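# An overview of the molecular structure
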Amino acid sequence: MRTTRCTPARTVLTTALALTTAGSLFLTTPAGAAGPEPVTRQGAAVDERAASVPESPARQALTAPVTDLTGTSRGYPREQHLTPDPVNPDDRSVKLGLIPYHGIAGKLNSLQRLGDRVSVEVAGRSAGGHRLYLVTVTAPESARETRAQDRMRRLIEDAPASAAQDPALKASYKTPVFLNGNIHGNEWEGTDAALRLIERLATAKDARTGELLARSRLYFNVTANPDGRIAGTRANSGGFDLNRDFVTASQPETRAMRQIMLDKQPAVLLDTHGYVNGTLIEPTTPPHGENYEYDLFLKHTYANALGMESAVNGLGYTAQRDGVRPAQIPFRDQEEGWDDWPPVFTPQYAAYHGAVAAHTVEIPLQVNNNAYNTLPVEELRRRSAINVEVAGAALDATLEYVRTRRAALIADQIEVFRRGSAGAAQVPVSERTVPGVPGIGPEDVYTTTFPRAYVIPAGRGQRSATAAARLVDHLVANDIRVERARHPVRLGGTSYPAGSYVVDMRQPRRGLANALLADGRDISARVSAMYDISGWSLGRLWGTTVTPVTSPISTAGLRPVDGAAPVAEVPRRGDLALRLDDPREVAALNELLRQGVAVRQGRDGGVVVVPGAAREKARQAARTHDVVFRTARERGSGVLRPVRVAAAVTSGELFALREMGFEVTPVSTAVLNAGFDWSGVQVLFASAGLDHARLTPAARSALDGFLAGHGLVGRGAAGAALSAAAGALDVTAVEGSEDANGVVRLVGSGPLAAGSASYGFVYAPVWFTDLGPGVRVERSYGTGAPLVSGHWRAGEDGGGGPSAAAGRAAVVSGPDAVLFGTEPLFRAHPKGEFAQVGRALFAMAGR
């Protein structure tokens, strides 16, 4: 649990914001009597527990298809009978008196039978294989009416200036509303509140409900994380916090939510969470995402928050009697600590798809973690019942806002897309530009200057073609428009070869395009604390060249694409060279090794040589992984072998290792103490959950014996500590600020980093000093100011900051170990850094 700094409230209103902490009983302090308490978040940004997830969720996550939910050929309702799931008495929802996952299918079947307003579709499958249910509640539509709605939705995106003047759209377009529940599996009650609301809407005869459903479509993602709901875990079965995955979209649940946003284009989103007492209702504290049309977003998000606050407080719960404090709105009641800076969260990501009112709502009374295990069942169920009512009040208030503000919501969604398409300037927030929102100050003003375009160059002289293709596919998957040059083009005074990709920033989703591709900003000086990561640039971290163009461009000769052109290539003659700069290239190598191909190490540590006799297998690997083989200019030396990795790593790192095709066996202190068979393991990768001092004598002896003859790859403070305990590498590890994170400049390239980009990612950065004999610096932090974008401050003692790291070794190696002070696999995100870990594993496995 990570605690961020809480500062006094804005002058508009001074109230307390408190979280029910693990194991606490409900609060009895009178509301307003206590001073400000820390804004505390469940789940550390960096998970220090070693992952133990099986391989099957990774396979599902890597291969799960995206479901298209446009359904333009069908009207509403779209009823289907759902096969019930087997009863699971171990579902953790049961203890709380909430609906277990296995009860949802039957409940949805019964709701569909109540009338003609409720439709159920399967939006995809979770990493654990469970169905993801999308429920649509709206007045019936014929297929023709549904096609008309879809045409209007496309008009808003494709021709927003025309949409703003379209009388039919103004009169009949249904406001799309996305209500997302249970994205954190052990924050259960939003699901139950949603099901209760769906049931009421299905049969209500009052005029307000009739008007709402005639003029809106309500989309309920009933449980976004069924794996976690069943297991009582924040993460899915792959170990991922789905509410941190929207930039990367590594998990099938995230991709399903993304597709709902693309297909439905919600103007309003509400994401139900827990547990903050009193109920926390966004909008947030600064810093605010600089790529938003934040004036439009704040206008509606704040107004809707006031309505939700009134509805929640109107339930009549009190701190003295029930342990429920009054609701809180961070924008109004706090100065920092709960920001909307990164687009990794559901509401913040939705803002780039046209949501002009988007909220996280944190319901009040904790029932998860230690509270789940220690409180009486009666108390847990009392709390859960209150939480369901609170979530329901927030949902009800949001729907009332939608009913009464339909025209303004749609008009402002159109304006978001119009500004993007026209290249219009952002409007800085102020009390003049956002009337009705008090307390706006300069601390709330975050804007950016959008380039005219971004270019992703093609051709042999560029960095990995595989990485470029992956980035283009990822942009397209986010509905960002990409074009390809049919012929050589000149943009911004630079010539680019045919086949290069261009992201014209005059497009409806320019905010998302810029959020993904730009460097970002160093915001260390503007706030003292951040809620989560502060830098994430795909342009710097995904392994390909991305060049901004600031001058006017001509779009002649550019053709829109719906995906990247395949890059797979295998020469017809001679031995084959494969560079290892990308995770797909490492995966192709691992595939060849599993097939028994005698791949040799090249002189450059980033190149391997495949014998020409294995050309057909290379062709298959090239097609499967979309990688490029070149003609080898050397024979190479030292035949590589398949590598089995024992990994004490985080879930994101475990996923990344499997993405690269390594055979991985998760380990931890507990696993080693229980007795672990080291035979068949070639290398240990350690970054989390393995403490040398806590091993039993037998386990310690077995580990030391393994490391005496095998290599170690370590990451962060935990990896460095294990290396020191085992005497693997003669260095001193220095830990920087524990919450520092972002994109950093890196310099130098030893054999393991040859050809790598000049950027990396850090969280709780580490650097190395006092390098002993035989220690080689693979990479160093840039001199001067190494942080490109993110948040990294020195500690109160003046140490641990970026100036202390500048010029210091970031990645070091020796005969027995490689240590990373950066985060090359963080949450499976910085794809351009993965291959360095792959190279290190091969190097240490071959020692």
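Computed from a predicted structure; not experimentally measured.

What counts and what doesn't
- Residues numbered from 1 in each chain as written.
- Predicted model: local features only at pLDDT ≥ 70, side-chain atom pairs only at ≥ 80, totals over all residues.
- Heavy atoms only, no water.
- Helix = DSSP H or I, 4+ residues; strand = E, 2+ residues; numbered from the N terminus.
- Rg over C-alpha atoms; globule rule 2.2 N^0.38 Å.
- Buried < 20%, exposed > 50% of the residue type's maximum accessible area, 1.4 Å probe, protein only.
- Contact = heavy atoms within 4.5 Å.
- Lys, Arg positive; Asp, Glu negative; His and termini not counted.
- Charge placed at Lys NZ, Arg CZ, Asp CG, Glu CD.
- Pairing = 2+ DSSP bridges.
- Axes fitted to C-alpha atoms, helices over the stretch in contact; angles between N-to-C directions.
- Parallel < 35°, antiparallel > 145°, perpendicular 65-115°, else oblique.
- Nonpolar A, V, L, I, M, F, W, Y, C, P; charged D, E, K, R; others polar.
- Expected span 1.5 Å × (residues − 1).
- Phe/Tyr/Trp six-rings, centres within 6.5 Å; stacked < 30°, edge-to-face > 60°.
- Lys NZ or Arg CZ within 6 Å of the ring centre and 35° of its normal.
- Left-handed = near helix turned anticlockwise from the far one by under 90°.

### What to know about the overall build of the chain
The number of helices and strands found in the chain is 27 helices and 35 strands. For 847 residues, the compact-globule formula gives about 29 Å, and the C-alpha radius of gyration of the chain, at 27 Å, lands near that figure. Seen through its principal axes, the chain has C-alpha atoms that stretch 80 × 65 × 55 Å. Taking all 847 residues of the chain together, the buried fraction comes to 62%. Across the chain, the fraction of contacts at a sequence separation of at least 24, relative to all contacts at a separation of at least 6, is 81%. With 91 positive and 86 negative side-chain charges, the chain shows a separation of 6 Å between the mean positions of the two kinds.

### Details of the sheet that holds strand β17 (residues 547-549)
The strand order across the open sheet formed by 5 strands is β17-β12-β16-β13-β18, and the pairing between neighbours is antiparallel. Where the open sheet ends on each side, the last strands, each with one partner, are β17 and β18 (558-561). Sheet twist, expressed as the mean angle between neighbouring strand axes with direction ignored, is 35°. The sheet contact formed by strand β12 (residues 453-456) and strand β16 (residues 501-504) spans 4 bridges and is antiparallel. Along β16, the bridge assignment pairs V455 with V502.

### What about the packing of helix α22 (residues 651-659) against helix α27 (residues 831-845)?
The relative placement of two packed helices comes down to the angle between their axes together with the axis-to-axis distance. Following both chains from N to C, one finds α22 and α27 inclined at 75°, their axes separated by 10 Å at the closest point. Classified by the angle between their axes, α22 and α27 sit roughly perpendicular to one another. Mapping the contact onto sequence places A656, L657 and E659 in α22 and K831, F834, V837 and L841 in α27. Looking at side-chain class alone, the contact of α22 with α27 contains 5 nonpolar, no polar and 2 charged residues.

### Focus on helix α6 (residues 189-203)
Side chains that are three or four residues apart share a direction in an α-helix, a result of its 3.6 residues per turn. Here α6 contains 15 residues, and its C-alpha end-to-end distance of 22 Å stays within 8% of the 21 Å for a straight helix at 1.5 Å per residue. Most of α6 sits inside the fold, with 11 of its 15 residues counted as buried. Turning to α6, its buried residues are E189, G190, T191, D192, A193, A194, L195, L197, I198, L201 and A202.

### A few points about the packing of aromatic side chains
Geometry of an aromatic ring pair is reported as the spacing of the ring centres plus the angle between the planes. All chains considered together, the criterion is met by 20 aromatic pairs. An aromatic cluster is present here, built from Y292, Y294, F297 and Y352 joined pairwise through their rings. Against the face of Y372 rests K95, its NZ or CZ located 4.5 Å from the ring centre.

### Some remarks on the pairing of strand β4 (residues 131-137)
Buried residues dominate β4, accounting for 7 of its 7 residues. The two faces of β4 match: R131, Y133, V135 and V137 on one face and L132, L134 and T136 on the other face are all buried. Relative to β4, strand β3 (residues 118-125) runs antiparallel, the two being bridged by 7 bridges. Directly across from G124, in β4, lies its bridge partner L132. In sequence, β3 turns back onto β4 through a hairpin of 5 residues, with G129 there showing a positive phi of about 90°. With 4 bridges connecting them, β4 and strand β6 (residues 216-221) associate as antiparallel partners. Note that in β6 the partner of T136 across the bridge is Y219.

### Digging into the sheet that holds strand β23 (residues 637-639)
The strand order β22-β19-β21-β20-β23 describes an open sheet built from 5 strands, whose pairing is antiparallel. Taken across any chain shown, the strands that pair with only one partner, and hence form the sheet edges, are β22 (630-631) and β23. Where strand β19 (residues 576-579) lies against strand β21 (residues 607-610), 4 bridges are found, and the strand directions are antiparallel. Across the sheet, L578 pairs through a bridge with V608, a residue of β21. Against the sheet, helix α20 (residues 583-594) touches β19 and β21, its axis set at about 135° to β19.

### Quick look at the packing of α20 against helix α21 (residues 615-625)
Relative orientation of the contacting elements α20 and α21 amounts to 145°, with a least axis distance of 9 Å. Our pair here, α20 against α21, has a crossing hand that is right-handed. Across the interface between the two elements, R584, A587, A588, E591 and L592 of α20 pack against K617, A618, Q620, A621, T624 and H625 of α21. In terms of residue class, the contact of α20 with α21 is made up of 5 nonpolar, 3 polar and 3 charged.

### With respect to the environment of R470
Within the fold, R470 resides in helix α17 (residues 465-477). A residue is classified by how much of its surface remains accessible, and R470, at 7% relative accessible area, is buried. In the structure, R470 is positioned 112 residues away from D582 in sequence and 10.0 Å away in space, judged by C-alpha atoms. Here R470 is in contact with W542, D582, P583, R584 and K831, once residues within four sequence places are set aside.

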